[in-house]
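Structural characterization, general
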Amino acid sequence: MEVMPCSAHSPPEKPVELLLLEDRVARAASWMADIRRKSEIFLPFVVAVTGSQQADFWLGAGFDACLHMPVSKAELRSTLNLLLRLRRQAQELVRQGLERYMSVFQSTGTATIVVDADGRIVMANRNCEPVTGYVPEKLVGTPWMNYVAPESLSRMLEYFRLRIESPEKAPYQYETRLVDKAGCVRDVILSVGQVQNSSQFIVSMVDITELRQVQARHQMLFT
C-alpha cells in the first residue's frame, strides 16, 4: 500500500484508496469535505487518536473508523483491509451499473447524446448517425452548438444557460432545428434531462423532418 503524505493544509497530491489521518491533522484539515464530495465511490476515512478521545465523536464527524494509538499491526491491518474491501465492492457495483447503463444507452432505439456542463458532447450512441449524418466518434468532444440551425441557436443557448442554473428553469421537451453533415436542416424534438448526481445532461432526439414536410405539403394543397 502506497503512503501519500498530507497535512492539515495540503491534501494528497495523487488519488488515494483510503485516508488515514492523525487526530491533530484531522481536526484542522479543511480539504477533507471537498475530497469526499468529489469522490464518486466510497472513500474510507480513518483517524488515529491518542489519549481517551471517544470514537463516537469521530464517527459522527464522518470518519469510517477510529483507531486508538498505540494500535497493533493486526488491528491496523484488519481495519484497513475491511475498508478497502468495501471500497472494491463499491467500485464493482459502479462498474456493473455503468455496463448496464451503456447497454441501455446504445440499444435505446433513439438518437441520444450526453452533454457536459461546458457544452461538449461526451457520449453519443449509434442512432445519432441517421439524424446528424455523423458517426458517434465524430460527435464526441465537439460542442453541441455546431449542429444547431442558425435560427434556433439563440433560443437553445438560452435554454442551456437556464438549465445550468437549474434544470427546472428550461423546458424538458421542445422542437428545434439541426443541421446535418450534408448541410440539410432537420426538424427534431429534443427531450433533455439531467444525469443523476452529475452536471451532465442526456438529450434524446426524434427526427420529425418528414412529418413537417408532409404537413407543409398538406397545408399548401388546402389553402
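Everything below is about the structure shown above.
These remarks concern the structure in this document. Nothing here was measured: the structure is a model prediction, and the numbers come from that model. For every chain, the first residue of the written sequence is number 1, and numbering continues from 1 along that sequence. Reporting in this predicted model follows two pLDDT cut-offs: at least 70 for local features of residues, and 80 or more for side-chain atom pairs to be given and counted; totals over whole chains, interfaces and linings ignore these cut-offs and use all residues. To obtain the side-chain values, all non-hydrogen atoms of the structure were included, while hydrogens and water were left out.

As for the sheet that holds strand 7 (residues 185-194)
Under the convention used in this document: Strand pairing follows a simple DSSP-based rule, namely that at least 2 bridges must link the two strands. Elements are defined by DSSP. Helices are runs of H or I of four residues or more, strands are runs of E of two residues or more, and each kind is numbered from the N terminus. To define axes, lines are fitted to C-alpha atoms, for helices over the stretch in contact only, and angles between the resulting N-to-C directions are given on a 0 to 180 degree scale. Here, residues are in contact when the closest pair of their heavy atoms is within 4.5 Å.
Ordered by their spatial adjacency, five strands build an open sheet running 5-4-8-7-6, and the pairing between neighbours is antiparallel. The strands lining the two open edges of the sheet, one partner per strand, are strand 5 (121-124) and strand 6 (173-179). Across this sheet, the average inter-strand angle for adjacent strands is 35°, counted without regard to direction. Along the sheet face, helix 7 (residues 150-165) touches strand 4 (111-115), strand 6, strand 7 and strand 8 (201-207) and points at about 130° away from the line of strand 6.

Examining the nonpolar core
Note the following rule: Here the nonpolar core consists of buried residues drawn from Ala, Val, Leu, Ile, Met, Phe, Trp, Tyr and Cys, with membership extended through side-chain atoms lying within 4.5 Å. For every residue, the accessible area (1.4 Å probe, protein chains only) is compared with the maximum for its type, and the residue is labelled buried under 20%, exposed over 50%, or partly exposed between those bounds.
Counting 24 residues, the largest nonpolar core has Ile113, Ile121, Leu190 and Met205 as its most contacted members. Counting residues per element, the ones that place at least two in this core are strand 4, strand 5, helix 5 (128-132), helix 7, strand 6, strand 7 and strand 8. A total of four residues in this core trace back to one element, the largest contributor, which is helix 7. With sequence-adjacent residues up to four places away left out, methionine 205 is seen in contact with Thr110, Ala111, Ile113, Cys128, Leu178, Ile189 and Leu190. Leu19, Ala26, Val49 and Trp58 belong to the second-largest nonpolar core, a separate cluster that totals 13 residues.

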